[in-house]
Amino acid sequence: MRPELFLEIAKEWSANKSDCEAHTRSATSRAYYAALHCCQDTLKALGVHPDDFGGSHQKVIEALKQSGDRELVSLGNKLKDLKVMRESADYDIRFPVPKQNHQVAIRKAENIFNRCNEKTRSDVGT
């Protein structure tokens, strides 16, 4: 499966059920997973192996942040921010999330996708 499909689902849920808290939370979660898998694919394309770093999600974030590449470090920080949003959406269900969170999460995920694509085109394509 391609990570973009998670992002497409997030956009669908955001557009169709923006007033439904479950859809808002799920859209945030799917946006994060789209970005996570995109970053994993980018690391793989660049020859970086995240298995050397922390837990499964943390491995990807740490591999990006400790890469020594300014663009990848920035992506690691953005992915970490998106992970915090996802954790709040998935785990803090007794506290309402701002209605715009899913839209912010989708924009962040799209930004991560764009930057990953630019990075792989510039580094792998040369």
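Look a little higher up for the structure.
Residues numbered from 1 in each chain as written. Predicted model: local features only at pLDDT ≥ 70, side-chain atom pairs only at ≥ 80, totals over all residues. Heavy atoms only, no water.

1. A few points about the overall build of the chain
Item 1. A tally of helices and strands in the chain yields five helices and zero strands.
Item 2. N-terminal to C-terminal, the α/β element order of the chain is α-α-α-α-α.
Item 3. Its C-alpha radius of gyration of 15 Å places the chain within 12% of the 14 Å reference for a compact globule of 126 residues.
Item 4. Across its three principal directions, the C-alpha atoms of the chain cover 45 × 25 × 25 Å.
Item 5. Scored against the burial criterion, the 126 residues of the chain give a buried share of 38%.
Item 6. Across the chain, the fraction of contacts at a sequence separation of at least 24, relative to all contacts at a separation of at least 6, is 67%.
Item 7. A total of about 7100 Å² of accessible surface is found on the chain, and carbon and sulfur atoms cover 48% of it.
Item 8. When the 20 basic and 18 acidic side-chain charges of the chain are each reduced to a single mean position, those positions are 3 Å apart. (Helix = DSSP H or I, 4+ residues; strand = E, 2+ residues; numbered from the N terminus. Rg over C-alpha atoms; globule rule 2.2 N^0.38 Å. Buried < 20%, exposed > 50% of the residue type's maximum accessible area, 1.4 Å probe, protein only. Contact = heavy atoms within 4.5 Å. Areas by Shrake-Rupley, 256 points an atom, 1.4 Å probe, with all protein chains shown as cover. Lys, Arg positive; Asp, Glu negative; His and termini not counted. Charge placed at Lys NZ, Arg CZ, Asp CG, Glu CD.)

2. So, the nonpolar core
Item 1. Counting 28 residues, the largest nonpolar core has Leu-64, Leu-79, Leu-82 and Ile-112 as its most contacted members.
Item 2. Secondary-structure elements contributing two or more residues to this core are helix H1 (4-16), helix H2 (21-45), helix H3 (56-65), helix H4 (70-91) and helix H5 (101-124).
Item 3. With residues up to four places along the chain from it excluded, the contact list for Leu-64 reads Cys-39, Leu-43, Leu-72, Val-73, Leu-75, Gly-76 and Leu-79. (Core = buried A, V, L, I, M, F, W, Y, C linked by side-chain atoms within 4.5 Å.)

3. Details of the pattern of salt bridges
As a working rule, side chains carrying opposite charge can pair if their charged atoms are close by.
Item 1. By the definition in use, this model includes seven salt bridges.
Item 2. The salt bridge partner of Asp-90 is Arg-86, with a shortest N-O separation of 3.2 Å. Placement of both Asp-90 and Arg-86 in helix H4 is noted, with a separation of four residues, approximately one turn of the helix. (Salt bridge = Lys/Arg side-chain N within 4 Å of Asp/Glu carboxyl O.)

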